[in-house]
Amino acid sequence: SQQGEEDPQALSIQEGENATMNCSYKTSINNLQWYRQNSGRGLVHLILIRSNEREKHSGRLRVTLDTSKKSSSLLITASRAADTASYFCATDAWTGTASKLTFGTGTRLQVTL
Amino acid sequence: KAGVTQTPRYLIKTRGQQVTLSCSPISGHRSVSWYQQTPGQGLQFLFEYFSETQRNKGNFPGRFSGRQFSNSRSEMNVSTLELGDSALYLCASSWDSNGAPGELFFGEGSRLTVL
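Being a predicted model, the structure only gives us computed values, none of them experimental. (Residues numbered from 1 in each chain as written. Chains lettered and ligands numbered in written order. Predicted model: local features only at pLDDT ≥ 70, side-chain atom pairs only at ≥ 80, totals over all residues. Heavy atoms only, no water.)

(A) Representation of the interface of chain A and chain B within the structure. Listed per partner, the contact involves 21 residues of chain A and 22 residues of chain B. Taking both partners together, chain A and chain B bury about 1700 Å²; carbon and sulfur atoms supply 49% of that area. In terms of surface lost to chain B, no three residues of chain A exceed Leu43(A), Lys100(A) and Phe103(A), which account for 24% of the buried area on that side. If you look at where chain A meets chain B, you find one salt bridge. Among the ionic pairs, Glu108(B) bridges to Arg41(A), the shortest N-O distance being 3.0 Å. Elements with a contribution of two residues or more to the side of chain A that touches chain B: β4 (31-37), β5 (43-50), β9 (85-94) and β10 (99-103) of chain A. It is β10(A) that provides the largest number of residues to the side of chain A that touches chain B, a total of four residues. A per-class count over the side of chain A that touches chain B returns eight nonpolar, 10 polar and three charged. (Contact = heavy atoms within 4.5 Å. Buried area = accessible area lost by both parts, 1.4 Å probe. Salt bridge = Lys/Arg side-chain N within 4 Å of Asp/Glu carboxyl O. Helix = DSSP H or I, 4+ residues; strand = E, 2+ residues; numbered from the N terminus. Nonpolar A, V, L, I, M, F, W, Y, C, P; charged D, E, K, R; others polar.)

Below is the structure:
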């Protein structure tokens, strides 16, 4: 089962605009990660934010985490056509025996010229 | 440094057959995780291996099994294939510290089609 639910399911914007994706999850987490997947290929890690952090930046990416609301957002600024991909949040949570990374449902981002 | 390598990339099987997929992690990574990705169910966790031991398991039937070798390479096997097993199977490796997988490095996947 998915730990995270992402919103929106699909997003279409023009190049240069900002894209915001949201992720909600259900249980306590160690950290939350965002990944990108180009069509039919493997996932690529973008950024990791720990449960005691509230905001993190990496290049054009900004991630926020609100553990009280069990939610996170990914902001991509000044989008480019090359940002077209599916974006997934993944929550790292303790299962009792080890930590496990569970992925959300994903947001499909389309950036048009 | 070479990335995660999965073989085969594409394969077609018929119902009732079995399949073995292979994954070579990044050198030095001891944790290997497997995921099944389908349009309807998204990314579903299958299992994770660390130092040849299964450390975590998802909610899949016993037809899905895996193992890890002493060199950290991993295989997963699906027996008695069903049409619903058609999917992209992704392997990911990580450095792992303190029992947490941390950042995962994914292979390109093995796309299985069951006819």
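Continuing now.
(B) Seen up close, the state of the cysteines. Under the criterion given, the structure shown has two disulfides over all chains. Cys23(A) shares a disulfide with Cys89(A); S-S distance 2.0 Å. The chirality of the disulfide connecting Cys23(A) with Cys89(A) is right-handed, given an S-S dihedral of about 65°. Taken as a pair, Cys23(A) in strand β3 (residues 19-24) and Cys89(A) in strand β9 lie far apart in primary sequence, 66 residues in all. Neither Cys23(A) nor Cys89(A) differs from the other in exposure class; each is buried. Covalent S-S linkage joins Cys23(B) and Cys91(B), the inter-sulfur distance amounting to 1.8 Å. Here the disulfide of Cys23(B) and Cys91(B) is left-handed, its torsion about the S-S bond being about -60°. (Disulfide = S-S within 2.5 Å. Buried < 20%, exposed > 50% of the residue type's maximum accessible area, 1.4 Å probe, protein only.)

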